[in-house]
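Structural overview
Below are the chains, spelled out letter by letter.
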Amino acid sequence: MLKGIAGSQGYGIGKALLITDISTDYSKLKYTDAKTEKNRLQKAVDRFINETKALAESVKQRAGDKEGEILDGHIMMLSDPFMLSQMQENIDSGMVAEKAVDTVCNMFIDMFSAVDDELTKQRASDIKDIKDSLIKILSGAKSIDISAVPAGTVLIAKDFTPSMTSQLNKENVSAIITEVGGITSHSAILARAMGIPAVLSVIDATKKISNGEMIVADGFKGKVIINPNSTELDEYTKKQTAYLEQKESLKTYINKETITASGVKKAVYANIGRPEDVHNVLQNGGEGIGLFRTEFLFMDRNSEPTENEQFEAYSTVAKVMDNHEVIIRTLDIGGDKDIPYLNIEKEDNPFLGHRAIRFCLDNRELFKNQIRAILRAAIYGNIKIMLPLVTCLEEVHEAKKIIIECEKELSDKNIEYKSVSLGVMIETPSAVLISDILAQEVDFFSIGTNDLTGYTMAVDRGNPKVCRLYDSMQPSVLRAIEMTINHAKQAGIPVGMCGEAAADTRLIPKLIEWGLDEFSVTPSSILQTRKAICEYN
């Protein structure tokens, strides 16, 4: 049995098909002249853009707009005049088009790979995808048609790039297995959107698995079984059937009230990153937005969004949610979220550095733009503000002062706004230990178990060597959660959870017993979470 990271839930059973890198050796190619090589390059770029546009549209139809935008991002990268001009300059210096592409892309890959944050490193993977595609087009290399693999195929590769994953036919691909990647990689995001089980970061998978071998991929526990015996095969076949039946039965929980079997009312909210995500929340019967990650409004652009741009985003969500609660988390950057135009200083340990509320309090105008936009949008719905990564009382006091300043500024300009409730994310051990004090200062808590688990266990969940320790069921994490809920209850304020643990069926019974009011999960997890709550007696 091989072990990896559970990247996309489900059970995949089928025959292995290895996707190996196509040889694109251009060392024997002879340089003709700059004009010929530039024409070859431009034709390859045009073909890449056309093919990628078609793939992006296909993904949007099969998996959603957000997932298709991953491929749109590839087109934007290659459309960057600097990248293309660098390739052309290399051709002018005597390089064939293949080498020009290879050299420039490798420069970007090295640059992005050297940055110590996950999102930037993901861009390195995207550039490699672009490089490989362009060189294959230039060389005429033929690769396996992933879209045409037979039913019951388990695909194994060193990595599944977005362009590869986007070609998958979920009716025929039982699972994917990679040697690299984590739960936030683009291949994992696309696999989850398509409902294809995935096990990632399986060391030497392409060496330990051979074509045609029977494979079982457990997308819940991150396990891979090679040539399972009859007992194992029977066990996982039953698990697979039960899982698929369960997914179908979950549709009965759309818009059903979230009430335990003993009659206790709870709420299932959703986490979103962009305004357009709200439609997926409603389709799955979400009762509110427990976490609006506003940092995505600041990403993939060259300048800070204006106050009006943010106002439009927040008010759009508030209107669509029709007076259901919308909790907006103020800008949470730093750590694994880098935004180049903000010129955030590189730090040796960014997760313990100048991030989230710390950054915002030191960049008051940026913070105030966001607060004013939220206050203005609040007149269109039931909006609340939530502060991330709070570690001390002073941060809450300072944020309150800034909110009051913003209210006065809007009032002085006769701009309509509405005061909103203020809450904090409990996602650091420090916040847990002073949660009784914080509860006297704010209107609600939301427990962010992703960071809370990482900080409590001192573990990087993306590191395959230690990720086994990243588990919200660890006693220390459970004690932190229970303490936080108890302090919220004693103070009479509501408490929710917006980390991945809110959808963990192992933990849901304990959360109900302790008195958690609201479970905020990914839109795709709403129904499963509601079912688990409703079945609890």
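Our subject is the structure listed above.
Residues numbered from 1 in each chain as written. Predicted model: local features only at pLDDT ≥ 70, side-chain atom pairs only at ≥ 80, totals over all residues. Heavy atoms only, no water.

1. Points about the overall build of the chain
Looking only at helices and strands, the chain has 20 helices and 16 strands in total. For the chain, the C-alpha radius of gyration of 25 Å lies close to 24 Å, the compact-globule estimate for 537 residues. Once the C-alpha set of the chain is aligned to its principal axes, its extents read approximately 75 × 65 × 40 Å. Counting all 537 residues of the chain, 53% fall into the buried class. When the accessible surface of the chain is split by element, carbon and sulfur atoms take 49% of a total near 23900 Å². Here the chain carries 62 positive and 77 negative side-chain charges, and the mean point of each set is 4 Å from the other. (Helix = DSSP H or I, 4+ residues; strand = E, 2+ residues; numbered from the N terminus. Rg over C-alpha atoms; globule rule 2.2 N^0.38 Å. Buried < 20%, exposed > 50% of the residue type's maximum accessible area, 1.4 Å probe, protein only. Areas by Shrake-Rupley, 256 points an atom, 1.4 Å probe, with all protein chains shown as cover. Lys, Arg positive; Asp, Glu negative; His and termini not counted. Charge placed at Lys NZ, Arg CZ, Asp CG, Glu CD.)

2. Considerations on the side chain of Glu-407
By secondary structure assignment, the location of Glu-407 is in helix 14 (residues 393–412). Lys-418 provides the closest opposite charge to the buried, salt-bridge-free Glu-407, at an N-O distance of 11 Å. Those residues in contact with Glu-407 that sit more than four places away from it in its chain are Leu-375, Tyr-417 and Ser-419. (Salt bridge = Lys/Arg side-chain N within 4 Å of Asp/Glu carboxyl O. Contact = heavy atoms within 4.5 Å.)

3. Considering the sheet that holds strand 13 (residues 421–426)
Strand order in the closed barrel formed by eight strands is 9-10-11-12-13-14-15-16, and the pairing between neighbours is parallel. Sheet twist, expressed as the mean angle between neighbouring strand axes with direction ignored, is 25 degrees. Where strand 11 (residues 325–329) and strand 12 (residues 382–387) come together, five bridges link them in parallel fashion. The residue bridging Ile-328 from the neighbouring strand is Ile-385, located in strand 12. Sitting on the sheet, helix 18 (residues 475–491) is in contact with strand 13, strand 14 (444–447) and strand 15 (495–497), with an inclination near 170 degrees to strand 14. The strands touched by helix 20 (residues 526–534) are strand 9 (267–272) and strand 16 (518–521); relative to strand 9, the strand with the most contacts, the crossing angle is about 160 degrees. (Pairing = 2+ DSSP bridges. Axes fitted to C-alpha atoms, helices over the stretch in contact; angles between N-to-C directions.)

4. Brief notes about the pattern of salt bridges
If you walk through the whole model with that rule in mind, you get 29 salt bridges. Note that Lys-38 is salt-bridged to Asp-92, the shortest N-O span being 3.0 Å. Of this pair, Lys-38 sits in helix 1 (residues 34–62) while Asp-92 sits in helix 3 (residues 81–92); the two residues are 54 residues apart in sequence, bridging distant segments of the chain. Judged by relative accessible area, which is 47%, Asp-92 ranks as partly exposed. With a closest N to O distance of 3.0 Å, Lys-408 and Asp-412 form a salt bridge. With Lys-408 and Asp-412 both in helix 14 and four residues apart, the pair spans about one turn of that helix. This pair shows no difference in class: Lys-408 is exposed, exactly as Asp-412 is. Linked by salt bridges that have partners in common, Glu-307, Arg-364, Lys-368, Arg-372, Arg-376, Glu-398, Glu-405 and Glu-409 make up one network.

5. Here we look at the pairing of strand 16
Neither face of strand 16 is open: one carries Glu-518 and Ser-520, the other Phe-519 and Val-521, and all of them are buried. In the sheet, strand 9 pairs with strand 16 via four bridges, with the strands oriented parallel. Within the sheet, the bridge partner assigned to Ala-270 lies in strand 16 and is Val-521. Examined bridge by bridge, strand 15 and strand 16 share two bridges and lie parallel to one another. If you follow Gly-496 over to strand 16, its bridge partner there is Glu-518. As for the winding sense of the linkage, the β-α-β connection from strand 15 through helix 19 (residues 508–514) to strand 16 is right-handed. (Right-handed = clockwise from strand over helix to strand, strands pointing away.)

6. Thoughts on the packing of helix 3 against helix 4 (residues 97–113)
Describing two packed helices takes the angle between their axes plus the distance from one axis to the other. The contact between helix 3 and helix 4 brings their axes to 8 Å, and the two run at 135 degrees. Considering their axes alone, helix 3 and helix 4 lie oblique with respect to each other. Pair helix 3 / helix 4 crosses with right-handed handedness. In this structure, helix 3 uses Phe-82, Met-83, Gln-86, Met-87, Asn-90 and Ile-91 to contact helix 4, whose residues at the interface are Ala-97, Ala-100, Val-101, Thr-103, Val-104, Cys-105, Met-107 and Phe-108. (Parallel < 35°, antiparallel > 145°, perpendicular 65-115°, else oblique. Left-handed = near helix turned anticlockwise from the far one by under 90°.)

7. So, the sheet that holds strand 1 (residues 2–3)
The eight strands lie next to each other as 1-8-7-3-4-5-6-2, forming an open sheet whose pairing is mixed. Looking at which strands have only one partner, the edges of the open sheet turn out to be strand 1 and strand 2 (5–8). Examined bridge by bridge, strand 4 (residues 153–157) and strand 5 (residues 173–178) share five bridges and lie parallel to one another. Within strand 5, the position partnered with Leu-155 by the bridge is Ile-176.

8. What to know about the environment of Tyr-243
Among the structural elements, Tyr-243 can be located in helix 9 (residues 230–249). Sequence spacing of Tyr-243 and Tyr-11 is 232 residues, and the spatial spacing of their C-alpha atoms is 8.0 Å. When residues no more than four places from it in sequence are discounted, the contact partners of Tyr-243 are Gln-9, Gly-10, Tyr-11 and Phe-220.

Read these as layout, nothing more, since geometry by itself doesn't imply function.
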